[in-house]
Amino acid sequence: MAHSDARRHTAPTPSDRHAILVAAAFGSSPGAHPLPAAHGPEQNWLRAVALGGQGRYAAARAELARVCGTGGVWSSFGASTEASLLRQLGGHRAAAVLDGRALAEAGSLRTSSGSTVAARRDVGTVAARRDVDVVAAWCDAATGLAADALGRGRLAVCGSLLDRCAAALDAAESEAGEKAFVRQRIRLAWVGAESALAAGDFTRARSRADRAVELADGFGSIRHSVKSDLVRSASLTGLPDHGPAMDLAADVLARAEEHELIPLQWAAAMLLDGLGAGRDAGRVRDLDAGRVRDLDAGRVRDFCATVIRGRGGRFVTLSAC
């Protein structure tokens with residue numbers, strides 16, 4: 001029995017550790033906690049992404065502090081990830097500073113490499129992977145800057161940045177293949193849908209949201225699937241009947257709760273509350289069970305906000321965003 005207990009508490013191997021962190025950040029176990037300790041900047045970043053998805057903001061920032069400002073591609077990824085944590089809670093102005101830094105870091109790496117992904121394939125898979133990571137980091141930063149601009153009402157700037165990101169992805173995919181940048185395409189579709197919503201173009205918003213859902217279905221990340229459906233539910237609010245939007249948002253809320261994705265749970269509750277599923281209303285259909293149930297979205301929203309604050313999240317007022 002003692003030998004069995006010892007094996008059960010053995011630390012994960014390096015390969016196991018990496019697989020666990022990838023699955024938590026971009027895979028099938030986004031709610032996994034506690035997570036194994038990170039070894040190296042890539043794992044620091046993966047751990048921060050997973051912790052941020054769970055709403056563990058202080059812990060995520062601690063991981064990012066080990067990455068940001070160190071130079072290289074993971075520093076760029078780290079800065080844009082920290083920006084996304086700020087942006088989630090309304091800090092678009094501060095997020096833009098970090099996204100700008102991330103864009104500059106990735107841009108300098110793209111310039112210094114002096115070659116394309118295809119041209120460097122002959123050098124070896126490590127060099128090719130590095131070039132793919134640099135393009136991915138640049139697109140993460142560009143999309144983040146677009147979202148920052150959108151959050152401050154600068155739709156034209158947002159659109160220009162999204163176009164630049166799309167062009168960069170088109171060029172890179174022609175060499176590395178579409179599968180190399182699926183996550184970047186999903187994020188591009190998210191912000192494209194949100195930009196269309198801000199412009200009042202619900203048809204374009206639904207088209208972009210549907211594209212995000214389609215890509216996320218093949219990506220394998222539960223968190224990305226839940227977020228894509230959240231964006232799609234928002235795009236459905238332009239329909240005369242808000243029933244489909246409420247049904248999908250309620251499903252998103254349930255899945256976010258199941259996987260302990262507190263920020264997405266909070267966002268879904270915000271959407272439902274705005275659609276009338278608050279304290280004075282709240283009968284929504286449970287898509288899986290096929291039944292109608294009461295949902296006090298306002299109470300769920302407030303509960304999630306309390307958890308977020310307790311985990312180091314800092315909400316920003318409108319005047320400071």
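Summary of the structure given here.

## Here's the deal with the layout of surface pockets
The calculated volume of the largest pocket comes to roughly 1,400 Å³. Forming the boundary of the largest pocket are 45 residues, of which Ser 84, Arg 87, Gln 88, Glu 194 and Lys 227 lie nearest the centre. When contributions to the lining of the largest pocket are tallied by element, the ones reaching two or more residues are α3 (41-53), α5 (73-88), α7 (125-151), α9 (182-198), α11 (222-235) and α13 (262-274). Among the residues forming the lining of the largest pocket, the class breakdown is 25 nonpolar, 13 polar and seven charged.

## As for the packing of aromatic side chains
Tallying each qualifying case throughout the model produces five aromatic pairs. The interplanar angle of 45 degrees and the centroid separation of 5.6 Å between the aromatic rings of Phe 26 and Trp 45 together place this pair among those described as tilted. With Phe 26 in helix α2 (residues 14-26) and Trp 45 in helix α3, the pair connects residues that are 19 residues apart, well separated along the chain. A network of ring pairs unites the aromatic residues Phe 26, Trp 45, Trp 74 and Phe 77 as a single cluster. Here Arg 110 stacks its cationic end above the ring of Trp 138, 4.8 Å away from the centre of that ring. Over the aromatic face of Trp 190 sits the side chain of Lys 227, whose NZ or CZ is 4.0 Å from the ring centroid.

## A look at the packing of α13 against helix α14 (residues 297-310)
Helix packing geometry: the angle between the two helix axes and the distance between the axes. The N-to-C vectors of α13 and α14 enclose an angle of 150 degrees; their axes lie 8 Å apart at closest approach. Looking at the two axes, α13 sits roughly antiparallel to α14. The two elements α13 and α14 cross, and the hand of that crossing is left-handed. For the pair α13 and α14, contact is made by Ile 262, Pro 263, Gln 265, Trp 266, Ala 269, Met 270, Leu 272 and Asp 273 and by Ala 297, Gly 298, Val 300, Arg 301, Cys 304, Ala 305, Val 307 and Ile 308, respectively. Taken together, the residues that form the contact of α13 with α14 break down as 12 nonpolar, two polar and two charged.

The rules we used
- Residue indices begin from 1 for each chain and proceed along its sequence in written order.
- The predicted nature of this model means local features are confined to residues of pLDDT at least 70 and side-chain atom pairs, given and counted, to a pLDDT of 80 or more, with totals for whole chains, interfaces and linings taken over all residues.
- By convention in this description, side-chain values take in all heavy atoms of the structure and omit both hydrogens and water.
- Any residue with an atom within 4 Å of a point lines the site, the site being either a cavity, points on a 1 Å grid over the protein atoms alone where a 1.4 Å probe fits but cannot get out, or a pocket, an open set with protein on both sides within 12 Å along at least 5 of 7 lines.
- Grid points are joined across faces, edges and corners, and a volume is the space filled by probe spheres set on the points.
- Secondary structure elements follow DSSP: runs of H or I no shorter than four residues count as helices, runs of E no shorter than two count as strands, and numbering proceeds from the N terminus.
- Three classes are used: nonpolar for Ala, Val, Leu, Ile, Met, Phe, Trp, Tyr, Cys and Pro, charged for Asp, Glu, Lys and Arg, and polar for all others, with Gly counted as polar.
- Pairing of aromatic rings covers Phe, Tyr and the six-membered ring of Trp, with a centre-to-centre limit of 6.5 Å; geometry is then stacked below 30 degrees between planes, edge-to-face above 60, and tilted otherwise.
- Here, a charge over a ring means that NZ of Lys or CZ of Arg falls within 6 Å of the ring centre while also lying within 35 degrees of the ring normal.
- Each axis is a line fitted through C-alpha atoms, and for a helix only the stretch in contact is used; angles between axes span 0 to 180 degrees, taken between their N-to-C directions.
- With respect to orientation, any angle under 35 degrees is reported as roughly parallel, any angle over 145 as roughly antiparallel, any angle of 65 to 115 as roughly perpendicular, and every other angle as oblique.
- For a crossing to be left-handed, the near helix must be turned anticlockwise from the far one by less than a right angle; the clockwise case is right-handed.
- Contacts are assigned to residue pairs with any non-hydrogen atoms lying within 4.5 Å of each other.

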